[in-house]
Amino acid sequence: MQAHFISIGQLSKRTGVAVSALRFYEEKGLLHPLRSGGNQRRYLRSDIRRVSFVLIAQKLGLGLSEIEDHLAQLPEGRNPTLEDWRRISRAMREQIDEKITLLNRTRNQLDQCIGCGCLSLTKCQLYNKDDKLGLKGPGPRAVLD
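Rules and cut-offs
Residues numbered from 1 in each chain as written. Predicted model: local features only at pLDDT ≥ 70, side-chain atom pairs only at ≥ 80, totals over all residues. Heavy atoms only, no water. Axes fitted to C-alpha atoms, helices over the stretch in contact; angles between N-to-C directions. Helix = DSSP H or I, 4+ residues; strand = E, 2+ residues; numbered from the N terminus. Parallel < 35°, antiparallel > 145°, perpendicular 65-115°, else oblique. Left-handed = near helix turned anticlockwise from the far one by under 90°. Contact = heavy atoms within 4.5 Å. Nonpolar A, V, L, I, M, F, W, Y, C, P; charged D, E, K, R; others polar. Phe/Tyr/Trp six-rings, centres within 6.5 Å; stacked < 30°, edge-to-face > 60°. Buried < 20%, exposed > 50% of the residue type's maximum accessible area, 1.4 Å probe, protein only. Lys NZ or Arg CZ within 6 Å of the ring centre and 35° of its normal.

Let us now look at the packing of helix α1 (residues 8-15) against helix α3 (residues 47-59). One can describe the packing of α1 onto α3 by two numbers: an axis separation of 10 Å at closest approach and a directional angle of 50 degrees. When the axes of α1 and α3 are compared, the pair comes out oblique. The crossing of α1 and α3 is right-handed. Across the interface between the two elements, Leu11, Arg14 and Thr15 from α1 touch Asp47, Ile48, Val51 and Leu55 from α3. Looking at the contact of α1 with α3, its residues break down into four nonpolar, one polar and two charged.

This part is about the packing of aromatic side chains. The full count for this structure, using the stated rule, is two aromatic pairs. On the basis of an interplanar angle of 55 degrees and a centroid distance of 6.5 Å, the ring pair of phenylalanine 24 and tyrosine 25 is categorised as tilted. A relative accessible area of 35% places phenylalanine 24 in the partly exposed class. When the centroid spacing of 5.7 Å and the interplanar angle of 50 degrees are considered together, the rings of phenylalanine 53 and tryptophan 85 count as tilted. In this pair, phenylalanine 53 sits in helix α3 while tryptophan 85 sits in helix α5 (residues 82-109), placing the two residues 32 residues apart along the sequence. The same class applies to phenylalanine 53 as to tryptophan 85, namely buried. Across from the ring centre of tryptophan 85, 4.6 Å away, lies the NZ or CZ of arginine 49, which sits over that ring.

In structure tokens, the structure reads:
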């Protein structure tokens, strides 16, 4: 195999992802290794970035099916170009912005009334008197709306 191919062990070592997790990613369609003459998995070096993308996307709270949808936009059998990654970045930007908004709202609201209906804080009596936010639906309405 050529130098631009790496083994599953090398991919695991470089990404910090267990070999078993890499096999799981393969089963889920997130990775598509080639096979050597001895039937060993061989990955493109660019799969390091693919796995890194999976790790970042998971940290952002994306599910494997969403991650798979994004990765399906990448070419197979060649290193993705900057434009390939930009296309994915643009597609994810709205999701990321929504998560940032929710995180900011949660950070700013968590020590106040979050509209969950517990009415246990003094501020809850002011901001959610008689649990009026419960009329908007279940859960912490002051954070989710």
